Amino acid sequence: MEIWINPACSKCRGALGLLDAEGAEYTVRRYLDEVPTEQELRELLDRLGLEPWDITRTGEPDAEELGLAALAREPAERERWIAALARRPRLIQRPIITADDGSAVVARSEEAVREALTRSRDA
């Protein structure tokens, strides 16, 4: 299991605390330091079953600067959204946990973290 975090994020710290309390084995990816490639983002989105606009923090100044609010949320624009996330990883929702069963979850709640734990333990 891997968790993508921003150490300054309280949701990320909470998810890490829960993983530790449950004795989970995981690796940490500080995605602002180890920026995901466009291909890694495509693979992550496939695992999540989501589109790039679903994991974009559209209220951030970077999103406004890139004009994401005006960018269509449709398959024809998918690659532009992915490119924006690769250029500005701060726009990626966090934390994200990739479970050992090949799935992934945006782990902003305790329930989502527990879901990832279950998926990894059942894999």
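Scroll up to find the structure.
Peer 1: Run through the environment of Leu45, naming residues and quoting values.
Peer 2: With respect to the secondary-structure elements, Leu45 resides in helix H2 (residues 38-48). Overall, the relative accessible area of 1% leaves Leu45 in the buried class. Taking the C-alpha atoms as reference points, Leu45 and Ala112, separated by 67 residues in sequence, lie 16 Å from one another. Leave out the neighbours within four places in its chain, and Leu45 touches Leu50, Glu51, Pro52, Ile55, Arg78 and Ile82.

Peer 1: How would you sum up H2? Please name residues and give values.
Peer 2: Within the sequence span of H2, burial applies to Leu41, Leu44, Leu45 and Leu48. For H2, the arc enclosing every buried residue in end-on projection is 100°, short of the 170-degree limit, so these residues lie on one face. The first or second residue beyond H2 is Gly49, which carries a positive phi of 75°.

Peer 1: Which residues make up the environment of Thr56, and what values do they have?
Peer 2: Mapped onto the secondary structure, Thr56 falls in the loop between H2 and helix H3 (61-66). Residue Thr56 is classed as buried on the basis of its relative accessible area, which comes to 6%. For the pair Thr56 and Ile82, spaced 26 residues apart in sequence, the C-alpha separation works out to 9.5 Å.

Peer 1: Outline the sheet that holds strand E4 (residues 104-106), supporting the account with residue identities and numerical values.
Peer 2: Strand pairing within a sheet occurs via backbone hydrogen bonds; the two strands may be parallel or antiparallel. Strand order in the open sheet formed by 4 strands is E2-E1-E3-E4, and the pairing between neighbours is mixed. In this open sheet, the two strands that pair with only one neighbour each are strand E2 (27-30) and E4. Taken over all neighbouring pairs, the strand axes of this sheet differ in orientation by 20° on average, direction set aside. With 3 bridges connecting them, strand E3 (residues 96-98) and E4 associate as antiparallel partners. Across the sheet, the residue bridging to Ile96 is Val106, located in E4. Contacts between helix H1 (residues 10-21) and the sheet are confined to strand E1 (2-5), E2 and E3, with E1 contributing the most and set at about 155° to the helix. Here H2 sits on the sheet and contacts E1, E2, E3 and E4; the angle it forms with E4, its principal contact strand, is near 90°.

What counts, and where the lines are drawn
- Residues numbered from 1 in each chain as written.
- Predicted model: local features only at pLDDT ≥ 70, side-chain atom pairs only at ≥ 80, totals over all residues.
- Heavy atoms only, no water.
- Helix = DSSP H or I, 4+ residues; strand = E, 2+ residues; numbered from the N terminus.
- Buried < 20%, exposed > 50% of the residue type's maximum accessible area, 1.4 Å probe, protein only.
- Contact = heavy atoms within 4.5 Å.
- Arc of directions from axis to C-beta.
- Pairing = 2+ DSSP bridges.
- Axes fitted to C-alpha atoms, helices over the stretch in contact; angles between N-to-C directions.

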